[in-house]
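Understanding the architecture of this molecule
Now for the letters of each chain:
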Amino acid sequence: MMQLSTRNQFPGRVVSVASGEAMSAVTVRLDSGQEVTSAITTDSARELKLAEGTPVRAMVKSTEVAVATGAVEGLSIRNRLPGVVTSVSSGAAMSTVRIETPGGETITAAITRDAAEELKLEPGAEVTALVKATEVSLAVG
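The shown structure was predicted, so the numbers you read here are calculated from the model rather than taken from an experiment. (Residues numbered from 1 in each chain as written. Predicted model: local features only at pLDDT ≥ 70, side-chain atom pairs only at ≥ 80, totals over all residues. Heavy atoms only, no water.)

Section: the environment of Ser137
Operational definition: For the purposes of this entry, the term helix denotes a DSSP run of H or I that reaches at least four residues, the term strand denotes a run of E that reaches at least two, and both are numbered from the N terminus. Residue burial is assigned from relative accessible area. The probe radius is 1.4 Å, only protein chains are included, and a residue is buried under 20% of its type maximum, exposed over 50%, and partly exposed in between. Note on contacts: a residue pair qualifies if any of its non-hydrogen atoms lie within 4.5 Å across the two residues.
Tracing the backbone shows Ser137 in strand S10 (residues 137–139). Overall, the relative accessible area of 38% leaves Ser137 in the partly exposed class. It is 5.8 Å that separates the C-alpha atoms of Ser137 and Ala58, two residues lying 79 residues apart in sequence. Non-local contacts of Ser137, meaning those with residues more than four positions away in its chain, are made with Arg57, Ala58 and Met59.

The following block contains the structure:
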């Protein structure tokens, strides 16, 4: 079995595939019920044989997860996963923030220590994890 350094890996099933000439938007319902969108090349969607019902794993590197506090409006970012901070581990420059969604997924975000301090991130804080669709990779098999 292949092992990856990608921290955020969520099983789910394809809900829809909207393909254009170059890119496809793939909507995935995670096992928890939350939906995420992945923007991948149409060639990749074909090679992976993605169709409604295809089991997939949605993956996001922790460095590609942004964290917001308060209302999130006026952004083009499609994937907005609400949750609660369960832990914050800080080093000299970076912090690792773990967020649990209502569906039970744990999302890990790697953000600057300054940002974590400015946002006053601590266990129990309500946040939204933000992930651009272009940063969501899909795996099958």
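That covers the picture; the talk isn't over yet.
As for the nonpolar core
Note the following rule: We call a set of buried residues a nonpolar core when its members are Ala, Val, Leu, Ile, Met, Phe, Trp, Tyr or Cys and they connect through side-chain atoms within 4.5 Å of each other.
If you look at the biggest cluster of nonpolar residues, it comprises 29 residues, and the most contacted ones within it are Leu50, Leu121 and Leu138. Secondary-structure elements contributing two or more residues to this core are strand S1 (8–19), strand S2 (23–30), strand S3 (35–41), strand S4 (55–60), strand S6 (79–90), strand S7 (94–100), strand S8 (106–112) and strand S9 (126–131). Those residues in contact with Leu121, other than ones at most four positions away along the chain, are Val67, Thr69, Val85, Val88, Val97, Ile111, Ala116 and Val127.

Some words on the side chain of Asn79
Heads up, the rule is: Residues adjacent in sequence count toward polar contacts only when both atoms are side-chain atoms; beyond that, a polar contact is any pair of N or O atoms within 3.5 Å, and within protein one must be able to donate a hydrogen and the other to accept it.
Along the chain, Asn79 falls in strand S6. Separated by 2.7 Å, the side chain of Asn79 and the backbone nitrogen of Thr37 make a polar contact.

Brief notes about the sheet that holds strand S5 (residues 66–68)
Backbone-to-backbone hydrogen bonds pair the strands of a sheet. The strands run either parallel or antiparallel. Here is the rule we go by: Paired strands, as defined in this entry, are two strands with at least two bridges between them according to DSSP. To obtain an axis, a line is fitted to C-alpha atoms, over the contacting stretch when the element is a helix, and the angle between two such axes runs from 0 to 180 degrees between their N-to-C directions.
If you trace the five strands from one edge of the open sheet to the other, you get S5-S9-S6-S7-S8, paired in antiparallel fashion. Both edges of this open sheet fall to S5 and S8, since each of them pairs with a single strand only. Pairwise comparison of adjacent strand axes, ignoring direction, gives a mean angle of 45° for this sheet. The pairing of S7 with S8 spans seven bridges and is classified as antiparallel. Residue pairing in the sheet places Met94 in a bridge with Thr112 of S8.

A short note on the side chain of Ser38
Locating Ser38 in the fold gives a position in strand S3. At a separation of 2.5 Å, a polar atom in the side chain of Ser38 contacts the main-chain carbonyl oxygen of Val136. Among all residues touching Ser38, those that are not within four sequence positions of it are Ser24, Ala25, Val26, Ala133, Val136 and Leu138.

A look at the pattern of salt bridges
Selection rule: What counts as a salt bridge is simple: a side-chain nitrogen of Lys or Arg found within 4 Å of a carboxyl oxygen of Asp or Glu.
Overall, the coordinates contain three salt bridges when judged by the stated rule. A salt bridge links Arg29 to Glu35; its shortest N-O distance comes to 2.6 Å. Using a relative accessible area of 34% as the deciding quantity, one classes Glu35 as partly exposed. Between Glu117 and Arg113 there is a salt bridge, and its shortest N-O distance comes to 2.9 Å. Placement of both Glu117 and Arg113 in helix H2 (residues 113–118) is noted, with a separation of four residues, approximately one turn of the helix. Judged by its relative accessible area of 46%, Glu117 falls in the partly exposed class.

These results come straight from atomic positions and should not be treated as a statement about function.
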